[in-house]
Amino acid sequence: MAPSTTPDAPFGRMLTAMVTPINPDGSVDFDAAAALATYLVEEQRHDGLVINGTTGESPTTNDDEKERVLRAVVEAVGDRASIVFGAGSNDTQHSIKLARMAQDAGADGLLTVTPYYNKPPQEGVFRHMTAIADSTDLPVMLYDIPGRAGIPIEVDTLIRLGAHEKIVAVKDAKADLFASSRVMAATDLAFYSGDDPLNLAWLSQGAVGFVSVVGHVAGADLHEMIDLYKCGDTAGALAIHRRLLPVITAIMTRTQGVIAVKAALRLLGKPGGSVRLPLVDATPEFVAQLREDLIAGGIKVEATE
């Protein structure tokens, strides 16, 4: 594992679900992926990166593209950050294939999302997750996001999964702080906020860190929020939370996150590129408001659209 990890934070504390840079012709820009990963680690204080998550447009990248992005990022920053690969899908055998590829390509861990659309019962969720965990030697972060998947990972299922030696963490985007408190009290699972509007609230509930989207543009600030909270400066952490409210509002509430983040990266002069259909790029009106919100949140905007 990368040096930034600790026993209680197995993938580090500050992670971002990284976008996949796309060229104007629709192809993946692998060099830009390496450059973006380097920027996030060197300038935005990231302990780790999640590659091939939903923010990485995993539904519309093929397996070859996923592997090439992973290898480019591992080569660029794998000695300085934890690289977690999104191996989840709603097809258990495909997920196992992706997990084994990720291990071969040098990933430090796996992110496994709740099976989506086919909506299995909780026993199916349990067997799906354990089958993936059993398929490699990599530690696993579960991804609980019922808003996308259609179903949650229920408390009892999370507690059962927490007994698996390779399942070590949860990225929570369920926004049920009480339910997750019950899981944290009953297991050793490390919880990561997967919902930027609730980052500070998650720290107060016992989360070890974030898997962010806003971290593309405010990772250093979010890392500082974690540091301040962990050393007891809750007022300082709250001040950062409040300063970033315009940025979080702009990126997380007005359109799909990857659309907003890629527009924000362009405003910062950083690689990100376009999105693939069925997503569409941000409108000029959105970008104009986004620029104002980034500036209001203390983010230095360096480029124009």
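Residues numbered from 1 in each chain as written. Predicted model: local features only at pLDDT ≥ 70, side-chain atom pairs only at ≥ 80, totals over all residues. Heavy atoms only, no water.

Participant: Explanation requested: the UniProt feature "active site" (unreviewed entry) in the chain in the structure shown.
Facilitator: Residues annotated by UniProt as "active site" (unreviewed entry) correspond here to Tyr-143 and Lys-171. Taken together, the annotated residues stretch across 29 residues yet fold into one region, lying no more than 4.8 Å apart by C-alpha. Of the annotated set named above, Tyr-143 line the largest pocket. Considering the arrangement of structural elements, one finds Tyr-143 in strand S5 (residues 140-144). Residue classification places Tyr-143 among the buried positions, given a relative accessible area of 8%. Setting aside its immediate chain neighbours within four residues, Tyr-143 contacts Leu-111, Thr-112, Val-113, Thr-114, Ile-153, Lys-171 and Ala-173. (UniProt positions renumbered as here; feature names shortened; annotations may be inferred. 1 Å grid on protein atoms, 1.4 Å probe; cavity = no way out; pocket = protein on both sides within 12 Å on 5 of 7 lines; lining within 4 Å. Helix = DSSP H or I, 4+ residues; strand = E, 2+ residues; numbered from the N terminus. Buried < 20%, exposed > 50% of the residue type's maximum accessible area, 1.4 Å probe, protein only. Contact = heavy atoms within 4.5 Å.)

Participant: I'm lost on the packing of aromatic side chains in this one. Help?
Facilitator: Geometrically, a pair of aromatic rings is defined through the distance of the ring centres and the angle of the planes. The tally for this structure, following the rule as stated, stands at one aromatic pair. Judged by centre distance (6.0 Å) and plane angle (20 degrees), the rings of Phe-191 and Trp-202 are stacked. One end of the pair, Phe-191, is in strand S7 (residues 190-193); the other, Trp-202, is in helix H8 (residues 199-205), and 11 residues separate them in sequence. Note on accessibility: Phe-191 and Trp-202 belong to one class, buried. Stacked on the ring of Phe-126, the Lys or Arg Arg-160 has its end atom at 3.7 Å from the ring centre. (Phe/Tyr/Trp six-rings, centres within 6.5 Å; stacked < 30°, edge-to-face > 60°. Lys NZ or Arg CZ within 6 Å of the ring centre and 35° of its normal.)

Participant: Looking at this structure, how should I read the pairing of strand S6 (residues 167-172)?
Facilitator: The two faces of a sheet get side chains in turn, since along a regular strand they alternate between them. Within S6, five of the six residues are buried, leaving the element largely enclosed by the surrounding structure. Here four bridges tie S6 to S7, and the two strands are oriented parallel to one another. Bridge assignment links Ala-169 to a residue of S7, and that residue is Ala-190. (Pairing = 2+ DSSP bridges.)

Participant: Explanation requested: the UniProt feature "binding site: pyruvate" (unreviewed entry) in the chain in the structure shown.
Facilitator: Those residues carrying the UniProt feature "binding site: pyruvate" (unreviewed entry) are Thr-55 and Val-211 in this numbering. On the basis of their most widely separated C-alpha atoms, the annotated residues across 157 residues gather in one place, lying no more than 11.1 Å apart. Lining the second largest pocket, from the residues named above, are Thr-55 and Val-211. Residue placement: Thr-55 occurs in the loop between strand S2 (48-51) and helix H2 (63-77).

Participant: Is there a simple way to think about helix H10 (residues 234-243) in this case?
Facilitator: Those residues of H10 that sit buried are Gly-236, Ala-237, Ile-240 and His-241. Along the axis of H10, the buried positions cluster into a sector of 140 degrees, meaning they face one direction only. Opposite the buried face of H10, at more than 90 degrees from it, the exposed residues are Ala-235 and Arg-242. (Arc of directions from axis to C-beta.)

Participant: Explain the nonpolar core here, please?
Facilitator: Burial of nonpolar side chains together is a common tendency in soluble globular proteins. Ranked by size, the top nonpolar core spans 89 residues in total, and within it Leu-49, Val-217 and Leu-294 carry the most contacts. Residues within four places of Leu-294 in sequence aside, it is in contact with Val-217, Val-247, Ala-264, Leu-267, Leu-268, Ile-299 and Val-301. Counting residues in each nonpolar core, the second largest holds 17 residues, with Leu-15, Val-113, Met-141 and Val-211 among its members. (Core = buried A, V, L, I, M, F, W, Y, C linked by side-chain atoms within 4.5 Å.)

Participant: I keep staring at the layout of surface pockets and nothing clicks. Help me out?
Facilitator: To find leftover empty space, one rolls a probe the size of a water molecule over the atoms. In this model, the largest pocket occupies a volume close to 410 Å³. Around the largest pocket sit 23 residues that line it, and Ser-58, Pro-59, Gly-88, Val-113 and Tyr-116 are the ones nearest its centre. When residues of the lining of the largest pocket are traced back to their parent elements, those giving at least two are H2, helix H3 (92-105), strand S4 (109-113) and helix H5 (146-149). Of the residues contributing to the lining of the largest pocket, the split by class is nine nonpolar, 11 polar and three charged. Of the voids in this model, the second largest pocket is the one considered here, and its volume is about 300 Å³. Together, 19 residues line the second largest pocket, and Tyr-143, Arg-148, Gly-194, Val-213 and Met-252 are the ones closest to its centre. Looking at the lining of the second largest pocket, the elements with two or more residues in it are strand S8 (209-212) and helix H12 (257-267). When grouped by side-chain class, the residues that make up the lining of the second largest pocket number eight nonpolar, seven polar and four charged. (Points joined across faces, edges and corners; volume = space filled by probe spheres on them. Nonpolar A, V, L, I, M, F, W, Y, C, P; charged D, E, K, R; others polar.)

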